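Coordinate inspection notes
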Amino acid sequence: MQPEYRAPKHTSAKALRSSLILLLTAFIWGIAFVAQRVGMNYIGPFLFASLRFILGALFLVLVLILWRKPRDGGQTTTDNASERLGDTSIKQLIKPGVICGCFLFMGAVLQQVGLVYTGAAKAGFLTALYIVLVPVLGMLLRHRTHWNTWVGVALAVVGLYCLSITETMSIQPGDIVVICGAFFWAGHILSVDRFVGDINQRDVLRFCVVQFFFAGCVALVLSFVLDRFFVVNVFDLAALKSAAIPILYAGVMSTGVAFTFQAIGQQGLPASAAAIIMSLEAVFSVLGGMVILSEILTGREAFGCVLMFVAVIIAQLPGKAV
């Protein structure tokens, strides 16, 4: 039986908390673009995706185990059924977890394949086009969107362009793959908004474990066949060792931590507003390049960053739904 869907209550205090959580999520994802790009120098995109998702799931399982340590004189607080770790049983989380896992798998794999053929900055811009797709697709699902969200979307797209595209815009095969991935990222945001609702945070972690394991297992199976188009030896131990740090960051931080923060953060904001905040990953990827790689921020990129932050602020203002 599927958990009953309850629309999130977007109170002011909860919205502020959610905005800060999603801001941290965007920061982690921004730095992850560097890790994903480096990882592609050593292993195939499907193997990279599978390892990051399985590692992220295992990390959350460890968190749940530690969360359930005996309390109050050594007595555990689990329910009678062994499969239950909180208010919602694992069986009830399988269907929403698999649905969200499908979108997660497609978005991540298409982005990873696109990074083989296009630059990280351009891929970040094209991926972040989900900020336009989320409110558009949301309207088809009868979501109400405020006018200020549309203004924020418009400013964010201009800001992303200034931030990420430094030469004449041209569409390459890798770019088309990343754009296709943006549709699935939008679908993932909307599906998380649909299923997470007001479930407690332990249930959010279990939900994320399900979607991560599903996406990771599918990617692992496909890596045996499809990664041969990208690397000579799919399971090269030396290559895996060289890609260990990018895999660890993408698995623990970008997947285990950030996607869980996404699910928690979306409980307090409409999907369209949440998408604008998460699109700041493009800003943080540029700022991360300045700090980690000693890159210089141009005036055009600085203007793009300002527009992005203004877009986030406008999207959070109270407004009339349209």
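Here we summarise the structure given alongside this text. Model, not experiment: these values are computed from the prediction.

For the chain, the count of helices and strands is 13 helices and zero strands. In sequence order, the chain lays out its α and β elements as α-α-α-α-α-α-α-α-α-α-α-α-α. Taken over 322 residues, the chain has a buried fraction of 50%. A separation of at least 24 residues holds for 89% of the contacts in the chain among residues at least 6 apart in sequence.

Moving on, we come to helix H2 (residues 45-67). Because each turn of an α-helix spans 3.6 residues, side chains separated by three or four positions in sequence point in the same direction. Spanning 23 residues, H2 covers 33 Å between terminal C-alpha atoms, matching the ideal 33 Å at 1.5 Å per step. Restricting attention to buried positions, one finds in H2 the residues Pro45, Phe46, Leu47, Phe48, Ala49, Ser50, Arg52, Phe53, Gly56, Ala57, Leu60 and Leu64. Taken together, the buried residues of H2 touch helix H1 (12-39), helix H3 (90-117), helix H8 (201-226), helix H9 (237-242) and helix H10 (244-265).

Here the focus is the nonpolar core. Counting residues in each nonpolar core, the largest one holds 70 residues, and the members touching the most others are Tyr130 and Phe212. Among the elements that take part in this core, helix H7 (residues 173-196) stands out by supplying nine residues, more than any other. Apart from residues no more than four positions distant in its own chain, Phe212 is found in contact with Phe53, Gly56, Ala57, Leu60, Leu104, Thr255, Gly256, Phe259 and Thr260.

The subject of this paragraph is the environment of Leu93. Along the chain, the position of Leu93 falls in helix H3. The exposure class of Leu93 is buried, given its relative accessible area of 3%. Between the C-alpha atoms of Leu93 and Gln211, which are 118 residues apart in sequence, the distance is 9.3 Å.

On to the packing of helix H5 (residues 130-140) against H7, then. In contact at an axis separation of 9 Å, H5 and H7 are set at 55° when each is read in the N-to-C sense. Between H5 and H7, the interaxial angle falls into the category oblique. In this structure, the crossing between H5 and H7 has a hand that is right-handed. Here Tyr130, Leu133, Val134, Leu137 and Gly138 of H5 lie close against H7, whose contacting residues are Ala182, Phe183, Trp185, Ala186, Ile189 and Leu190. Among the residues making up the contact of H5 with H7, the classes are represented as 10 nonpolar, one polar and no charged.

Looking now at the environment of Cys305. Following the sequence through the fold, Cys305 ends up in helix H13 (residues 299-316). Each C-alpha atom of the pair Cys305 and Ala282 lies 8.8 Å from the other, and the pair is 23 residues apart in sequence.

The subject of this paragraph is helix H11 (residues 271-278). Most of H11 is tucked away: eight of the eight residues are buried. Looking at H11, one finds that the buried residues are Ala271, Ser272, Ala273, Ala274, Ala275, Ile276, Ile277 and Met278.

Right, let's talk about the packing of H5 against H11 for a bit. For the pair H5 and H11, the least separation of the axes is 9 Å and the interaxial angle reads 180°. Overall, the two elements H5 and H11 adopt an arrangement that is roughly antiparallel. Together, Tyr130, Ile131, Val134 and Pro135 of H5 and Ala271, Ser272, Ala275, Ile276 and Met278 of H11 make up the contact between the two elements. Of the residues assigned to the contact of H5 with H11, the class counts are eight nonpolar, one polar and no charged.

Bringing the packing of aromatic side chains into the picture now. All chains considered together, the criterion is met by eight aromatic pairs. Through pairs of rings, three or more aromatic residues link up here, namely Trp29, Phe53, Trp185, Phe212 and Phe259. The ring of Phe53 carries Arg52 above its face, with NZ or CZ at 5.3 Å from the centroid.

Conventions adopted
- Residues numbered from 1 in each chain as written.
- Predicted model: local features only at pLDDT ≥ 70, side-chain atom pairs only at ≥ 80, totals over all residues.
- Heavy atoms only, no water.
- Helix = DSSP H or I, 4+ residues; strand = E, 2+ residues; numbered from the N terminus.
- Buried < 20%, exposed > 50% of the residue type's maximum accessible area, 1.4 Å probe, protein only.
- Contact = heavy atoms within 4.5 Å.
- Expected span 1.5 Å × (residues − 1).
- Core = buried A, V, L, I, M, F, W, Y, C linked by side-chain atoms within 4.5 Å.
- Axes fitted to C-alpha atoms, helices over the stretch in contact; angles between N-to-C directions.
- Parallel < 35°, antiparallel > 145°, perpendicular 65-115°, else oblique.
- Left-handed = near helix turned anticlockwise from the far one by under 90°.
- Nonpolar A, V, L, I, M, F, W, Y, C, P; charged D, E, K, R; others polar.
- Phe/Tyr/Trp six-rings, centres within 6.5 Å; stacked < 30°, edge-to-face > 60°.
- Lys NZ or Arg CZ within 6 Å of the ring centre and 35° of its normal.

Without other data, these values stay purely geometric and don't point to any function.
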